[in-house]
Every structure is written in structure tokens, then in C-alpha cells.
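# Structural description and commentary
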Amino acid sequence: VEQDKPRKPRMLTMARMLAKRQKSDDASCNTEEQLGPPVFKHWVLCNFSDSTPIDPPQDEWTPLYVKLPCSPRNTMQWDGDQQAPSHDQPRFAKWDVIRTHLQGPIRDANDLTQVLYAYNPSFRRRWDLSGLEYYLNVVVGDVPALFEKIIPGMADLALRLPQLFPEPIPFLRKGSNSAITLSQMQIVCLLANAFFCTFPRRNDTRRGAEHATFPSINFNSLFTGSKRKGLDMNRVGKLHGLFNYFRRVLSQNPTGSVTFHRRVLSPSEIPDWSTMTEPLGPMEVRSQGTIEDDGEGMLQVDFANKFIGGGVLGYGCVQEEIRFIINPELLVSRLFTEEMLPHEAVLMIGAERFSNYTGYGDTFEWAGNYVDKTERDGLGRRKTEIVAIDAMYFPPGRAENQYRAEMILREVNKAFVGFGHSETSCLEGAGVATGNWGCGAFNGDPELKSLVQLIAASVAKRPILYFTFGDEDLARRLRDVYELMTGRGVSVGQLFRALTEYWACRRQMGIFEFLKRRFSSDATT
Ligand code: AR6
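Since the structure is predicted, the reported quantities are computational estimates derived from the model, not experimental observations.

## Remarks on the environment of E148
Its location among the elements puts E148 in helix α5 (residues 143-159). Separated by 40 residues in sequence, E148 and D108 place their C-alpha atoms 9.8 Å apart.

Okay, structure coming up:
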């Protein structure tokens, strides 16, 4: 698609620098006969050389690109100030309406919510923005600073969209092995637009809707109130984190970039796990510490939803959502990343951390500013790699299904595509910082998931640093079984086969116990 178009020289240079591997066939025509890996494409959309765009903005209003609010084809039939639409009224360019309202004085919370409704008139009755009003009127201490500086600054940033995006933003569609690099300022501009809910066609999330296979991006769901408390504490913490991010980038514009790479495992790349003779790779298990605090220099796992970011723009507040709030640039992935398929992962390189937090889930709280000192690579990306892999969800009554061979295979493949080496990496071959992936909200068994990840990492040739998130007992037992298996020279294939055979014993004993019995005897077949 993109490759047929003439590219600007700066894009070519960047793409060459980053695309170390070019594959010959295309994801979109990856038929049964053509099982090779899909071609890798990298769109470097940030203008490193100068800040003034060379060309007039190039508009795309097709299923391949993000529909931008500033597109001339983004129209509305009536101005939100009027009572009701009538068919003989002319259509407005919606961007003009957005511009007028964002430039106009926004003096208080009520003005702000009226602005959002002005260019989203059909959501006036459907959106509840009372949480945002509560946040601004009741929770925030220094409201004048917000309305005098931060919110107008965010509005200016949002309105820079046509200048910052002379080229359209492609979607990272299912099945396409492709990457997008954006500057940190482009990201903040997109996130300011998300805050002001300007993205068109993204508010209808019902099945069959145009963007139903994409995560939501407009922040309206974050602004929903709670009848009892005005605003739930999770959303309070999230809004603190996001306003801290906007405050920081407004006071000092960041100069780096971030890459988002959708990785696809083609059928020809899937190992035949049961016959792998590789030994199990290195693994260190820690009961204390977290992926984000102690995984510096490693590939850090995001325990993701197939809709990347999961419930970050709503109530959800576990590992993925928290990560997206403390590293808010990750949020922009929701704009262009279609839901992940079982053999896909999303690698995000360079996102900066802006906040601290305490607690988890219902006890989550924003805990102040964080200054990220991670060094940058040659492209200005922080040397932080985060990979989103979505585990399977097992409902409480049916959690046993996770021990079925096809489910284990699905999870090993998912971890493998996440841990595989990437054309866009800045930490080639680094270890994996992970933990109880799929074992919280998604109800998985950490005994199984730890070993599934060990199998994938061993073949990807990466060591594992496994955080049990305070669970001393799990840490001790995982170390024991790992030592037993490595002491016995158990191979990846042997462990994989054993896991798939556990099904028959699932009601008698746990997986670690099963493996101990199996591999304690001399017959480690
Ligand atoms: N570092 C290390 N381990 C952690 C950390 C951390 N920072 N945070 C949590 N854990 P969960 P899932 C451990 O429930 O089950 C989201 O909504 C802790 O033991 O976040 O894969 C996504 O969007 C915790 O119980 O991941 C998905 O919709 C466990 O990791 C869904 O949740 C699992 O964390 C994914 O659920």
C-alpha cells in the first residue's frame, strides 16, 4: 500500500536505518500458498530535519488510514449551538467548529464539557461527563493554573494537528507486520485531541461499527461520573497522571520519538514446540520488585488486552492500565492498532515514564512526578521496550480449559511473537522482564504461565527475569521446579510435551508437582 507511493527522502533514510529486514511477500496477500512472513513496513512520520512541513497536508479518508479530525472530509451537519439538525442545512467542516471552540475561552469545567459536546452534538445525551466536572471542581486543588495554562496549552497542541501531520497515519491492521514512529510532540498533539474527543468515527464501539475492531481513543469514557462518589478513585488517579503528563510536556517540549511495531508470527515461523531440543534458558525469579521499576534495559511485558490498553480509558486499573497512565505515550497506540490476533504482539519502543503510583486495582493512586533518566538511542527513543501480549481470558467456572493442549499452544505462540527479535528494537536480545501474565484479571494459573513464558523465551534466546509480585511461595516453588528441570537437562520440547499432558492429572495435583514427579525419575522423556 504505502510502498507504492513516492516517499519523501527523509522517510526513506529513516526507513532504511530501521528496516534491517525486508521480507518479500505482503501480509495482505498471505494466502495458504504463501506462508512466508509478511513484509515489514515502517512509517517514520516524524519530521526530524525541520519543523515546517514541506508539502500541504495530504489527506486520506480510507479504511487504511486514521481519519483525522482536521480532514476536510470530516464534516457535521449542524453547529452544536443550534437546537436540532435539519437536512437542508449546509455541512460544516468540523475542524472549523473544533478550532472555534478550542480557541474560545474555556474558563471552567462547564465550559470545557460544553466544548466537547459542541462538535459531538449527537452524544450530548449519551455521554456522561460529570466525572470530569467533579474532578475539576472538587478534586483539583489549583484550578486556575489548569484553566489559565494547561488546558489552553493542550488546546493549542491539539490544533497543531494539520502542521504536525503533513502525512496521514496508517492503521496497524490485523496481519500486517508494520511499524509507525512518531515524535513525542506528535504524540502529545494526538493525545490532546483524544482528551478533547475530536477523533471522528471513533465513538460508536458497537459490533459492526466502522472502528469496532479498534480500541476507543476519545477520552469521554474517562470523564464518566460515579453517582455515589462523584468520580471513582481509579479515574481520579488516571486524570492526575494525564494532567501531569500534559503539564510536563507543555513546560518542556520533549524532543524524542516512539515506535509502535505490530509483530506477526507467520505459520512458517511457528516452531514445532514438542520437538525442540534446546535447553531451557536462564531464568531469575524475584518475589519483590516490578517490571517497570526493575526491568530497565529489558523487554518489559505488558499484560495486555487484545484491544491494546484494555480499560485504561474507563475503570480498569491493573498492570496494563497503570503502565499506560505512567507512560502515557503508550495510549496513542489505541488510535491506530487494530485488535490483536492470537499470533500477534505490539512492541512499543521509547515511551517515557512521567509518573509514579502506589497501590493496585481499587487502591491505585497517582503518587507524583517521575523523571525518566533512561538513555536514548540514535532516534531519540528512550531505551525502554514494552511488549503488549494478550493472554486468554478464562472465566472462573471454566479456568480448567487453560490446560488444554490447544490453549497452551496458543499462549506459547503469543509469548513467542512477543519475545521474538524485532527489526525496530533498540535492545536487541535483551532479557524479558515479566511475571504473572494472564493470571490476574484473566484468571490464568501462574504455574502454567511462568513455564509457557520460559519455553518461548528459551527459543527466542532471551533470559527471563520473573517477578511474582510479592508472592514468596510462588517464587520459591518456581525456583525449585526450574532448578530441578535444568539440573536434569530437560529440553524445551520435553517441557512443552509435559505441559500438554498435564490435562489428565489436573484434578489430582498442580503443575509444578506434576513436573516434579515426571522429571524426578530418570525417564525424562
Ligand atoms: N510488575 C510485575 N507483576 C505485576 C505488576 C507489575 N507492575 N502488576 C501486576 N503484576 P493483570 P492479566 C502481576 O491482572 O491477568 C487488563 O485490564 C500481579 O500478580 O493486569 O493478563 C488488561 O487490559 C497480577 O495479578 O493481567 C487485560 O484486559 C498479575 O501480574 C487484562 O487486565 C496479572 O496482572 C489482563 O489481565
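Next comes the rest of the account.
## Some remarks on the site of the ligand
Taken together, 20 residues sit near the ligand, with E320, E321, G438, G440 and A441 positioned nearest. At 2.9 Å, a side-chain N or O of N305 approaches an oxygen atom of the ligand. In this structure, F442 approaches the ligand through a main-chain N or O atom, which is 3.0 Å from an oxygen atom. Here the ligand, which alone exposes 710 Å², has 92% of that area covered by the protein. With respect to the detected pockets, the ligand is housed in the largest pocket. Among the elements of the structure, α9 (291-294), β7 (299-304) and α10 (319-326) are those that each provide at least two residues to the shell around the ligand. Among the residues making up the shell around the ligand, the classes are represented as ten nonpolar, seven polar and three charged.

## A look at the confidence of the model for the protein chain
Model confidence for the protein chain is summarised by a mean pLDDT of 90, while 88% of its residues fall at 70 or above. In the model, residues 1-34 has pLDDT below 50 throughout and makes 69 contacts with residues more than four positions away in sequence or in other chains. The complex model carries a pTM of 0.92, and its ipTM stands at 1.00.

## Concerning unusual backbone geometry
Positive phi, normally seen in glycine, also occurs at N443, with a value near 70°. Tracing the sequence through the fold places N443 in the loop between β12 (432-435) and α13 (446-460). At F469, a position not held by glycine, the phi torsion is positive, near 60°. Along the chain, F469 falls in the loop between β13 (464-467) and α14 (472-487).

## Considerations on the pattern of salt bridges
Tallying each qualifying case throughout the model produces 30 salt bridges. Here D232 ties to R235 by a salt bridge, and the two come within 2.6 Å at their closest N and O atoms. The exposure classification of D232 matches that of R235, with both residues buried. Its salt-bridge partner being D390, residue K414 comes within 2.5 Å of it at the nearest N-O pair. With K414 in helix α12 (residues 405-419) and D390 in strand β11 (residues 385-390), the pair connects residues that are 24 residues apart, well separated along the chain. Ionic contacts of the salt-bridge type, sharing partners, join the residues D390, R410, E411, K414 and K449 into one network.

## So, the packing of aromatic side chains
By the definition in use, this model includes 17 aromatic pairs. Pairing F171 with F214 gives two aromatic rings, centres 4.5 Å apart and planes at 40°, and the pair type is tilted. Remark: F214 occurs in the loop between α7 (184-195) and α8 (233-251) and F171 occurs in the loop between α6 (161-164) and β4 (178-183); sequence separation between them is 43 residues. Here F171 and F214 have matching classes, each one buried. Pairwise contacts between aromatic rings join Y135, F195, F196, F219, F223, F243, Y245, F246 and F354 into one cluster. One cation-aromatic arrangement involves R353 over Y370; the distance from NZ or CZ to the ring centre is 4.1 Å. Positioned over the ring face of W503 is R506, at 3.6 Å from the centre of the ring.

## Observations concerning the side chain of K94
Its location among the elements puts K94 in helix α2 (residues 94-103). Ignoring anything within four residues of it in the chain, the contact list for K94 reads N74, T75, M76, Y119 and N120.

## Focus: the layout of surface pockets
Volume-wise, the largest pocket comes out at about 540 Å³. For the largest pocket, the lining is made up of 30 residues, of which F303, V318, Q319, E320 and Y360 are closest to its centre. No other element matches the six residues that α10 contributes to the lining of the largest pocket. Residues of the lining of the largest pocket, tallied by class, amount to 15 nonpolar, eleven polar and four charged.

## Some words on the sheet that holds β12
In spatial order, the strands read β1-β4-β5-β8-β11-β7-β12-β13-β6; together these nine strands make up an open sheet with mixed pairing. The open sheet terminates on both sides in strands that have one partner only, identified here as β1 (41-44) and β6 (283-286). Averaged over all pairs of adjacent strands, the angle between their axes in this sheet comes to 20°, without regard to strand direction. The sheet contact formed by strand β8 (residues 344-349) and β11 spans four bridges and is antiparallel. Paired with L347 across the strands is V387, a residue of β11. Contacts between α10 and the sheet are confined to β7, β8 and β11, with β7 contributing the most and set at about 120° to the helix.

Thresholds applied
- Residues numbered from 1 in each chain as written.
- Predicted model: local features only at pLDDT ≥ 70, side-chain atom pairs only at ≥ 80, totals over all residues.
- Heavy atoms only, no water.
- Helix = DSSP H or I, 4+ residues; strand = E, 2+ residues; numbered from the N terminus.
- Near = heavy atom within 4 Å.
- Polar contact = N/O pair within 3.5 Å; in protein donor to acceptor, adjacent residues only side chain to side chain.
- Areas by Shrake-Rupley, 256 points an atom, 1.4 Å probe, with all protein chains shown as cover.
- 1 Å grid on protein atoms, 1.4 Å probe; cavity = no way out; pocket = protein on both sides within 12 Å on 5 of 7 lines; lining within 4 Å.
- Sits in = over half its atoms within 2 Å of the grid points.
- Nonpolar A, V, L, I, M, F, W, Y, C, P; charged D, E, K, R; others polar.
- pLDDT = per-residue confidence, 0-100.
- Contact = heavy atoms within 4.5 Å.
- Salt bridge = Lys/Arg side-chain N within 4 Å of Asp/Glu carboxyl O.
- Buried < 20%, exposed > 50% of the residue type's maximum accessible area, 1.4 Å probe, protein only.
- Phe/Tyr/Trp six-rings, centres within 6.5 Å; stacked < 30°, edge-to-face > 60°.
- Lys NZ or Arg CZ within 6 Å of the ring centre and 35° of its normal.
- Points joined across faces, edges and corners; volume = space filled by probe spheres on them.
- Pairing = 2+ DSSP bridges.
- Axes fitted to C-alpha atoms, helices over the stretch in contact; angles between N-to-C directions.

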